[in-house]
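# Observations on the model geometry
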Amino acid sequence: MTPEEVILSSATVYFPFFIASYMVLGGGLKYIDDAFDEKTYSKMKAILLSPVIAIFWVFLMYLSPASATILGAIFLAVLFRNKVDNIGFHVGAIAIFCGLTALYLFKIIDFDWGPLVFLTIAGVFDEIGNDYVDAHPTINRMVFLFFEYRFVMKLAVLFLVVAGIYGLEYLLAFIGFDLAYATVGAYSLNLKKHHKYNLNNFHL
């Protein structure tokens, strides 16, 4: 049996746990990002949260080669685009790298190498497109939304599911990851606007 089957043998436990776990990763990643970029969350909490997210990230990669491949592709795309740009991400990236290296050397974790390359390329395109639309907010609305919410990799995972390479749960988990990421980001934006509103009222 795979680790996935041993740890989560019941489907009624597996699906909620798996999807919720990806959501924790997505939300946690955005929390750390906005703590430094938008300054809407505590930097100290973000630094403390970072190794916890990293350990959980590696654990989910351990569950199956498919999960290792998807999360590995996200990690590589972020590295290739130089998005590990604050101390919170530095701590997390080092922890993930060390954990993955140890597990891979001891043959405890494995990747689907073809899909890993495919998804990493899709992730890099997402990051390039996201940077572009952030710098050009007046671009076509559909193009803006497509890259703002990183749909290239979603379509790539969908392709792997339709092709029968991965199960539907991986697409749902990945969508959950992005939904949590976007939700924490939206809450961060609301906090920032509310903070500015309060400052303006104070000065008035």
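Whatever comes next refers back to the structure up there.
Each value, and the rule that gives it
- Residues numbered from 1 in each chain as written.
- Predicted model: local features only at pLDDT ≥ 70, side-chain atom pairs only at ≥ 80, totals over all residues.
- Heavy atoms only, no water.
- Helix = DSSP H or I, 4+ residues; strand = E, 2+ residues; numbered from the N terminus.
- Buried < 20%, exposed > 50% of the residue type's maximum accessible area, 1.4 Å probe, protein only.
- Contact = heavy atoms within 4.5 Å.
- Expected span 1.5 Å × (residues − 1).
- Bend = angle between axes of the 7 residues up to and from the residue.
- Core = buried A, V, L, I, M, F, W, Y, C linked by side-chain atoms within 4.5 Å.

Below, the discussion takes up the overall build of the protein. When you go through the protein residue by residue, the secondary structure sums to nine helices and zero strands. Tracing the protein from N to C terminus, the helices and strands come up as α-α-α-α-α-α-α-α-α.

Looking now at the environment of phenylalanine 146. Of note, phenylalanine 146 is situated in helix H7 (residues 141-148). When its relative accessible area of 29% is taken as the criterion, phenylalanine 146 is described as partly exposed. With 20 residues separating them along the chain, phenylalanine 146 and aspartate 126 place their C-alpha atoms 8.9 Å apart. Those residues in contact with phenylalanine 146 that sit more than four places away from it in its chain are Phe151, Val152 and Leu155.

The subject of this paragraph is helix H6 (residues 113-135). Taking 1.5 Å per residue as the helical rise, H6 with its 23 residues ought to reach 33 Å, and the 33 Å between its terminal C-alpha atoms agrees with that figure. The set of residues buried in H6 consists of Pro115, Leu116, Leu119, Thr120, Ala122, Gly123, Val124, Asp126, Glu127, Gly129, Asn130 and Val133. Tucked inside the fold, the buried residues of H6 contact helix H4 (65-80), H7 and helix H8 (151-162).

Below, the discussion takes up helix H3 (residues 43-63). The first and last C-alpha atoms of H3 sit 30 Å apart over 21 residues, in line with the 30 Å expected at 1.5 Å per residue. At leucine 49, H3 shows its strongest bend, of approximately 30 degrees, with the proline proline 51 following within four residues. Looking at H3, one finds that the buried residues are Ala46, Ser50, Ile53, Ala54, Trp57, Val58, Leu60, Met61 and Leu63.

When a protein is soluble and globular, its nonpolar side chains tend to lie buried together. Among the nonpolar cores identified, the biggest contains 49 residues, and Tyr22, Trp57, Met61, Ile70, Leu71, Ile74 and Leu119 are the most heavily contacted of them. For this core, the secondary structure elements donating two or more residues are helix H2 (11-37), H3, H4, helix H5 (87-105), H6, H8 and helix H9 (168-203). Residue contributions to this core peak at nine residues, all from H2. Not counting residues up to four positions away in its chain, the partners in contact with methionine 61 are Ser67, Ala68, Leu71, Gly72, Leu100, Ile109 and Phe111.

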